[in-house]
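What follows is each chain in one-letter form.
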Amino acid sequence: MLTSRTRPPKGQASRTMKIGIIGAGNIGGNLTRRLTALGHDVSVANSRGPHTLTALAEETGATPVPVEEAARGAEIVVVTIPLKRVPDLPSGVLDGAADGVAVIDTGNYYPRQRDGRIAGIEDGGRTESRWTEGHLGHPVVKAFNGTYAQDILDRPRPAGAPDRMALPVAGDDEAAKARIRALIDELGFDTVDGGGIDDSWRQQPGTPVYGLRAGVEGVTEALAKAPPERPVDFRG
C-alpha cells in the first residue's frame, strides 16, 4: 500500500555515520558532496580506481577506496552505477559492512540508451531493483533514481518549506527504509513511501513520478497514477 508521510519515522541520520558510495558519477558525486558536508564519514569508489577520485576527495574530504572496500564498516551503502555494470561488481561487495547495513539502489534500466536488453528484467517480470537485489545478495531500498543530480545540491529545503521536494522511496526492509528516509530528510527533502521493491515499478523510468519536482502530495498522486506496463521507450 502506498502511503505518504511528510516526515519519516525517527531514525539515526542526525548522528555521524559511515557511508559507502559505489559509483562517482553525477548522483554519486553529488551525494558525496552533500553527505560529507553534513559531517558523515564517506568512502567513495568507482570502476576506474581510487587514483581517479583524487579531485573529489580533495574537494569533499571523502576517502577514495577500491570498490571491494567501499562497504567496509558502512551503515549505509549507495550503489549508483549503470545497471548493466551491476553483475560486474565483485562477489561479496557488501562483505564487511556494518550489521544491518541499509543499501540504496539508485539504478535505472535504459535498454535502448545504455544497458542493452536484460532478460532477467523483461522476461522475468522483476522490477529493476529486485533484479539488482539478486546480484547483490542483499535487500535494497530504491531511492534517488528519478532525481536530477543537480537538485541534490541546489534544491534542499528545511522541513516544512512550501517548496520542499519529496522523493519516492521503496523497499521491503522497513527498518532500512526508515533509516534511508531519515537520511533523505537530513539532506533536505521529504519522502513518500512507495511500498515494497515489487512496487518500485511505480518510480522506474517513464512513470509519472520519474523526474518529477513536486512535494508529498504531487509525488503520492504520481505514484498512484503509474501504469503497470513498462513504457515502450524503456523496453529492449
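Our subject is the structure listed above.
Residues numbered from 1 in each chain as written. Predicted model: local features only at pLDDT ≥ 70, side-chain atom pairs only at ≥ 80, totals over all residues. Heavy atoms only, no water.

**Student:** Tell me what's going on with the nonpolar core, and back it up with residues and numbers.
**Tutor:** Counting residues in hydrophobic clusters, the biggest one holds 29 residues, and the most contacted among them are Leu31 and Phe144. Elements supplying a minimum of two residues to this core: strand 2 (18–22), helix 1 (26–37), strand 3 (41–45), strand 5 (76–79), strand 6 (102–105), helix 6 (149–154), strand 8 (166–171) and helix 7 (174–187). The dominant element in this core, judged by the number of residues it contributes, is helix 7, at five residues. The contact partners of Leu31, leaving out residues within four places of it in the chain, are Ile21, Val78, Phe144, Ile152 and Leu187. (Core = buried A, V, L, I, M, F, W, Y, C linked by side-chain atoms within 4.5 Å. Buried < 20%, exposed > 50% of the residue type's maximum accessible area, 1.4 Å probe, protein only. Helix = DSSP H or I, 4+ residues; strand = E, 2+ residues; numbered from the N terminus. Contact = heavy atoms within 4.5 Å.)

**Student:** Which residues make up the environment of Val77, and what are the values?
**Tutor:** Relative to the assigned elements, Val77 resides in strand 5. A C-alpha to C-alpha distance of 9.9 Å links Val77 and Ala98, two positions 21 residues apart in sequence. The residues contacting Val77, other than those within four sequence positions of it, are Gly20, Ile22, Ala71, Leu94, Val101, Ala102, Val103 and Ile104.

**Student:** Hey, could you go over empty space enclosed by the protein for me, with residue numbers and the actual values?
**Tutor:** Under the counting rule described, the total for this entry stands at two cavities of 30 Å³ or more. For the largest cavity, the calculated volume is near 100 Å³. Forming the walls of the largest cavity are 16 residues, and the residues nearest its centre are Gly146, Thr147, Leu167, Pro168 and Val209. Of all the elements, strand 8 adds the most residues to the lining of the largest cavity, at three residues. Residues belonging to the lining of the largest cavity are distributed by class as follows: 10 nonpolar, five polar and one charged. Within this model, the second largest cavity holds a volume of roughly 40 Å³. In the lining of the second largest cavity, the residues fall into seven nonpolar, one polar and one charged. (1 Å grid on protein atoms, 1.4 Å probe; cavity = no way out; pocket = protein on both sides within 12 Å on 5 of 7 lines; lining within 4 Å. Points joined across faces, edges and corners; volume = space filled by probe spheres on them. Nonpolar A, V, L, I, M, F, W, Y, C, P; charged D, E, K, R; others polar.)

**Student:** So what's going on with the pattern of salt bridges? Residues and values would help.
**Tutor:** Applying the stated criterion across every chain yields a total of 17 salt bridges. Taking the shortest distance from any N to any O, the salt bridge between Arg114 and Asp115 comes out at 2.9 Å. You can call Arg114 partly exposed: its relative accessible area is 31%. Of the charged contacts, one joins Asp193 and Lys177 as a salt bridge, the two residues approaching to 2.8 Å between their closest N and O atoms. Here Asp193, found in strand 9 (residues 190–193), pairs with Lys177, found in helix 7; they are 16 residues apart in sequence, far enough to count as distant. (Salt bridge = Lys/Arg side-chain N within 4 Å of Asp/Glu carboxyl O.)

**Student:** Requested: an account of helix 1, with residues and values cited.
**Tutor:** With 12 residues, helix 1 should cover 16 Å at 1.5 Å per step; its first-to-last C-alpha distance of 17 Å lies within 8% of that length. With nine of 12 residues buried, helix 1 lies mostly within the body of the structure. Residues of helix 1 that are buried: Ile27, Gly28, Gly29, Asn30, Leu31, Thr32, Arg34, Leu35 and Thr36. Along its buried surface, helix 1 packs onto strand 2, strand 3, helix 2 (54–60), strand 5, helix 6 and helix 7. Remark: Gly39 follows helix 1 within two positions and exhibits a positive phi of approximately 100°. (Expected span 1.5 Å × (residues − 1).)

**Student:** Pulling in residues and values, what's your account of the packing of helix 1 against helix 7?
**Tutor:** Put simply, helix 1 and helix 7 touch, their axes get as near as 10 Å, and they point 80° apart. Considered as vectors, helix 1 and helix 7 are oriented roughly perpendicular to each other. Touching Leu31, Arg34 and Leu35 of helix 1 are Leu183, Glu186 and Leu187, all from helix 7. Across the contact of helix 1 with helix 7, the residue classes tally to four nonpolar, no polar and two charged. (Axes fitted to C-alpha atoms, helices over the stretch in contact; angles between N-to-C directions. Parallel < 35°, antiparallel > 145°, perpendicular 65-115°, else oblique.)

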